[in-house]
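Listed here are the chains, written in short residue letters.
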Amino acid sequence: MCTQGNVHFTSVAPLFVPADRPERFEKADRSGADTVIIDLEDAVAPAAKDGARSNLHHALTLRNPTYVRVNGQDSSWYAADLAALRTLGLRRICLPKAQSAATLDAVVRVLGGDIEIIALIETARGLEAAGALAAHSHVARLAFGPADFALDLGVPASHDLKAHAMMRLAVASRAAGKPLPLDGPSFEVTDAARLATECRQALDHGAGGKLCIHPAQTSHVSSAFQPSDEQLRWAQRVVDAARDGAARLVDGRMIDAPIVAQAWALLARDRSQFSKGV
C-alpha cells in the first residue's frame, strides 16, 4: 500500500499523450519525459473514448512511470475507465477535478489498495480541499489545471490567479509531507521563451515541476527545474564552509543554519544524483 510516508513521486516533466494515439506512447516514453500520462480525458474526442480505452494495455510495456488520466467523475465514461485500469492492473491514476478525500477513497475501493494518484486541482472546491487531498495516503502529488480552474471561477486565467492557487497547493503539499505540486502545462507549444518564463514563475510560486503536452517541452522543463551550475557551485561553497558549524561569510553573505539548509536543498535537487520517476 502507498502510504503518506513512502510515496516519492519526483517527476518534474510528465508528458501527456492522447490515449487514442497508441503509436505515440513509446515516442513519449523516449522523449525525455520522466513520466508518461496517457490521457483519456481532454485529449480524446467523445466518439473516440471507448476505442482509446482499448489501447491502455500498451502502458504496461513503457519504461517510465505511467499514469492514466481518466475522464471526469461526472462523465459517462468514468466507471468504464476505472474498470479498465482494474482489469489491466494499472496502479497509477491521474484524477481530474479532484475535490474531496471521499472521492479518492471511492477510487481506492474500485482499484485496490496499492494505487498512486495524481490529484488534479481544477476547481474552487478542489483548492479549498487541497490540504485533505494532499494528505490522502494514496496521493503521490497534487497538480494544477489553470484553464479549468479559471473556467470554474468564471474569470480569466490571470498571472495572479495562478500564483495564488499554486502557492496554496505548495503549502498544502509541504504540510502533508508530499513533493511540491506540478504546474499546469504551457499551451504555447512552439514558444520556448514563453515556456521558460512560465517555468520561472512556477518555481517562484512553489511548483516542483510542470506538466507537458508536447515532447518538445520536456527538456526545457527538466532543465528549468534543476538548479543551475552557478547555484550548485554556490551551494557547495556554503556546505564546505559550514562543515565546522561556525558562522562564516560566503560571497560576502553571512551564512547561518537556514542558509546552510537551503544549500543542502539545492544540492538535493540536482536530479543527476537520483533516479527518475516514483
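Coordinates for the structure precede this section.
Before going into details, it helps to say that this report is about the structure given with it.

Cut-offs used in this document
- Residues numbered from 1 in each chain as written.
- Predicted model: local features only at pLDDT ≥ 70, side-chain atom pairs only at ≥ 80, totals over all residues.
- Heavy atoms only, no water.
- Salt bridge = Lys/Arg side-chain N within 4 Å of Asp/Glu carboxyl O.
- Helix = DSSP H or I, 4+ residues; strand = E, 2+ residues; numbered from the N terminus.
- 1 Å grid on protein atoms, 1.4 Å probe; cavity = no way out; pocket = protein on both sides within 12 Å on 5 of 7 lines; lining within 4 Å.
- Points joined across faces, edges and corners; volume = space filled by probe spheres on them.
- Nonpolar A, V, L, I, M, F, W, Y, C, P; charged D, E, K, R; others polar.

1. Remarks on the pattern of salt bridges
And step 1. Tallied over the entire structure, the rule returns 16 salt bridges.
And step 2. Linking glutamate 23 and arginine 21 is a salt bridge whose minimum nitrogen-to-oxygen distance equals 2.4 Å.
And step 3. Between lysine 97 and aspartate 148 there is a salt bridge, with the nearest N and O atoms lying 3.7 Å from each other. Placement of the pair is lysine 97 in the loop between β4 (92-95) and α4 (101-111) and aspartate 148 in helix α7 (residues 146-153), with a sequence separation of 51 residues.
And step 4. What emerges from the salt-bridge pattern is a single network uniting Asp39, Glu41, Asp42 and Arg69.

2. Here's the deal with the layout of surface pockets
It is a probe the size of a water molecule, rolled over the atoms, that shows where empty space is left.
And step 1. Approximately 460 Å³ is the volume attributed to the second largest pocket.
And step 2. For the second largest pocket, the lining is made up of 24 residues, of which Phe16, Asp39, Ala43, Arg69 and Ile213 are closest to its centre.
And step 3. Taken together, the elements giving at least two residues each to the lining of the second largest pocket come down to β1 (14-18), α1 (25-29) and α7.
And step 4. Among the elements that make up the lining of the second largest pocket, the one with the highest residue count is β1 (four residues).
And step 5. Considering only residue class, the lining of the second largest pocket consists of 15 nonpolar, two polar and seven charged.

Note that all results are geometric; they support no functional claim without further evidence.
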